[in-house]
Structure formats: structure tokens, C-alpha cells
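# Coordinate analysis (summary)
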Amino acid sequence: MLPQKKYYRQRAHSNPIADHCIEYPRCPKEMNWNDLYLCDKLEDESKSSYEKIVEFADIGCGYGGLLVTLSPMFPETYMLGIEIRVKVSDYVMDRIKALRTQNPGTYGNIACIRSNAMKYLPNYFAKGQLKKMFFLYPDPHFKKAKHKWRIINSSLLAEYAYILSEGGLVYTVTDVEDLHKWMVKHFTEHPLFDQVLEKELEGDPVKNVLLDCSEEGKKVTRNNGQKFLAVFKRVPDSFY
């Protein structure tokens, strides 16, 4: 039986700058992915524990809608959701466990951890490890004094560029036009990212599910709200 969200509800906002009781590896070499996934690929003892296994990262994964949607679409790809809220991350972990029990042999390629993506991403991922990153409906932090809390900012883009492979993609979705413009501005001003044109996304299966796979996306649809999608590519270092 799938967990019920009503038992995992938590306030929508969390201060990412504040101190949180979070355990994290000192470096990617110390991250043991075997505890999170159920795939044979991770059981090869000849491979180092930090080998570039996880390739998709959903930052602020919420209730896990994107992970669950992408899992059968990319069954050979390992994906990680990162969520800072305790109860919400607990829900995603329990949801994945229940899905694995109900559907033996599936959903072994997705996992969730509670962590602070604004502080610890380089502790989990090696240089150039990720092929895709997702920022779906991030907290807009409307007040100007809290713009420093936004998950997309000049300093953090350098970290995202570090852990993304050349040609890797960052997908952003929001229902707040001001935040959309903010994210586009910061990505396009950064020398290691180029915006991907809409025509270049034709045939991308991920694009077709992004807007409505998450709880927040479904809520925006129910409220007849607007959705803004922007995708950015990690350019080669030689371009810089």
C-alpha cells in the first residue's frame, strides 16, 4: 500500500541557509550508493563505490512525482531526489519502497535522500557526473531580502556546472514568471551554460512529462495557472 500524504504534510518553506541536522559524505568517494538502489549494476565489487552511477538529480524533489515518472522511461539510469524537508523526504523514501514491493523488479533505479542541495551537492557528485538536473517549481522566495535563498543564483551555478557533464541539461519549471525570468537571466549570463531553444527539445521525452508529473505541477493545472519551462545546456570547458 502506498503511503498517504496526509501523514507526511509539512510547511512548504524551509530556510536553506539555516543549520540542519544532516549527515553527508565528506567527498563523493565516501558515498555508498549500494544502500539506496536495487540494481545489479551496483553490485560489481570491482568498481569503486563512488563510480559515476547516479546520472539524474531532482533537486527539491517534493513528493517524488518526477522520479516515479522517469523511472520506467529510463530503466538503466540511476536517479536521485534530494529534499530538505524531513517529512516530505520520508514520504518519498516510503513511496519508493512501496512501489518496489508492489512492482517487483521495477523502481530499483530511483532513490531519495534528505539533504541541503545549496550546501552539499559536491559532497555527493563527482566532477562531470550528472547528465540531467531538474529544478521543478522551486521556492520563489518572493521577498527581495530572501532572493539569496533561491536555488538558482550565480554562486550555485558554478557548482552545478562542476557536477554536470559537458552537454548535460538543466531543466527548470515554475509557475512564477518573475522567478522564470530570474533563472533564465542567471543561466544565460553564466559562461558555462547556454539556453536550449524550444525546437531543439523536439523529441526529448523528458520535456513532455515535466509540467504535470509533480504535485505542484498538478496543483497549478487545477488552478489554471501558467507554467514556464526553460532548459539549459552545460557547454564544454573549452568554450570558456
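All values reported here derive from a predicted model rather than from experimental measurement.

Rules behind the numbers
Residues numbered from 1 in each chain as written. Predicted model: local features only at pLDDT ≥ 70, side-chain atom pairs only at ≥ 80, totals over all residues. Heavy atoms only, no water. Helix = DSSP H or I, 4+ residues; strand = E, 2+ residues; numbered from the N terminus. Buried < 20%, exposed > 50% of the residue type's maximum accessible area, 1.4 Å probe, protein only. Contact = heavy atoms within 4.5 Å. Areas by Shrake-Rupley, 256 points an atom, 1.4 Å probe, with all protein chains shown as cover. UniProt positions renumbered as here; feature names shortened; annotations may be inferred. Polar contact = N/O pair within 3.5 Å; in protein donor to acceptor, adjacent residues only side chain to side chain. Pairing = 2+ DSSP bridges. Axes fitted to C-alpha atoms, helices over the stretch in contact; angles between N-to-C directions. Expected span 1.5 Å × (residues − 1). Core = buried A, V, L, I, M, F, W, Y, C linked by side-chain atoms within 4.5 Å. Right-handed = clockwise from strand over helix to strand, strands pointing away.

As a further point, take the overall build of the chain. Secondary structure assignment for the chain yields seven helices and seven strands. Per-residue burial for the chain yields a buried fraction of 51% across its 240 residues. Expressed as a percentage of contacts within the chain between residues at least 6 apart in sequence, the contacts between residues at least 24 apart total 79%. Here the chain has roughly 12,500 Å² of accessible surface; of this, 51% comes from carbon and sulfur atoms.

Within this structure's numbering, the places UniProt gives as "active site" (unreviewed entry) are D139. For D139, a relative accessible area of 21% translates into the label partly exposed. At 3.0 Å, the side chain of D139 forms a polar contact with the backbone nitrogen of H141.

It is worth spelling out the sheet that holds strand β4 (residues 130-136) at this point. If you trace the seven strands from one edge of the open sheet to the other, you get β3-β2-β1-β4-β5-β7-β6, paired in mixed fashion. The strands lining the two open edges of the sheet, one partner per strand, are β3 (110-114) and β6 (193-195). Strand after strand, the sheet turns through a mean of 20° between neighbouring axes, direction not considered. Here strand β1 (residues 54-59) runs beside β4; their pairing, made up of three bridges, is parallel. What sits directly across from F56, in β4, is K132. Here helix α2 (residues 86-102) sits on the sheet and contacts β2 (78-83) and β3; the angle it forms with β3, its principal contact strand, is near 160°. Those strands touched by helix α4 (residues 154-163) are β4, β5 (164-174), β6 and β7 (228-234), and its axis lies near 130° from that of β5.

Attention now moves to α2. Here α2 contains 17 residues, and its C-alpha end-to-end distance of 24 Å stays within 8% of the 24 Å for a straight helix at 1.5 Å per residue. Among the residues making up α2, those that are buried are V88, S89, Y91, V92, R95, I96, A98, L99 and R100. Against the buried residues of α2 lie α1 (65-73), β2 and β3.

On the UniProt side, "binding site: S-adenosyl-L-methionine" (unreviewed entry) is annotated at positions that read G60, E83, I84, N116, A117, L136, S214, E215 and E216 here. Inspection of the secondary structure assignment puts A117 in helix α3 (residues 117-124). The contact partners of A117, leaving out residues within four places of it in the chain, are I59, I82 and I151. Following the sequence through the fold, L136 ends up in strand β4. A relative accessible area of 8% means that L136 is categorised as buried. With residues up to four places along the chain from it excluded, the contact list for L136 reads L66, V173, L210 and C213.

Below, the discussion takes up the environment of V68. Tracing the sequence through the fold places V68 in helix α1. The class for V68 is buried, based on a relative accessible area of 14%. Residues V68 and Y107, 39 residues apart in the sequence, show an inter-C-alpha distance of 7.4 Å. Apart from the residues lying within four places of it in its own chain, the contact partners of V68 are R95, L99, Y107 and I110.

So, about the nonpolar core. Formed by 43 residues in total, the largest nonpolar core has its most connected members in W33, L80, F125, M133 and Y160. When sequence neighbours within four positions are dropped, the list of residues in contact with M133 reads A57, I59, L121, Y160, I163, L164, L169, V170 and Y171. If you look at the next biggest cluster of nonpolar residues, it comprises 30 residues, including F56, M79, C112 and C213.

Time to look at the environment of V92. Within the secondary structure layout, V92 lies in helix α2. The spatial distance from the C-alpha of V92 to the C-alpha of G62 is 7.9 Å, given a sequence separation of 30 residues. Not counting the four nearest positions on each side in its chain, V92 is found in contact with C61, G62, Y63, G64, L67 and C112.

Time to look at the pairing of β5. Burial within β5 is extensive, with nine of its eleven residues counted as buried. The pairing of β4 with β5 spans six bridges and is classified as parallel. What sits directly across from F135, in β5, is T172. In this fold, the crossover linking β4 to β5 by way of α4 has right-handed handedness.

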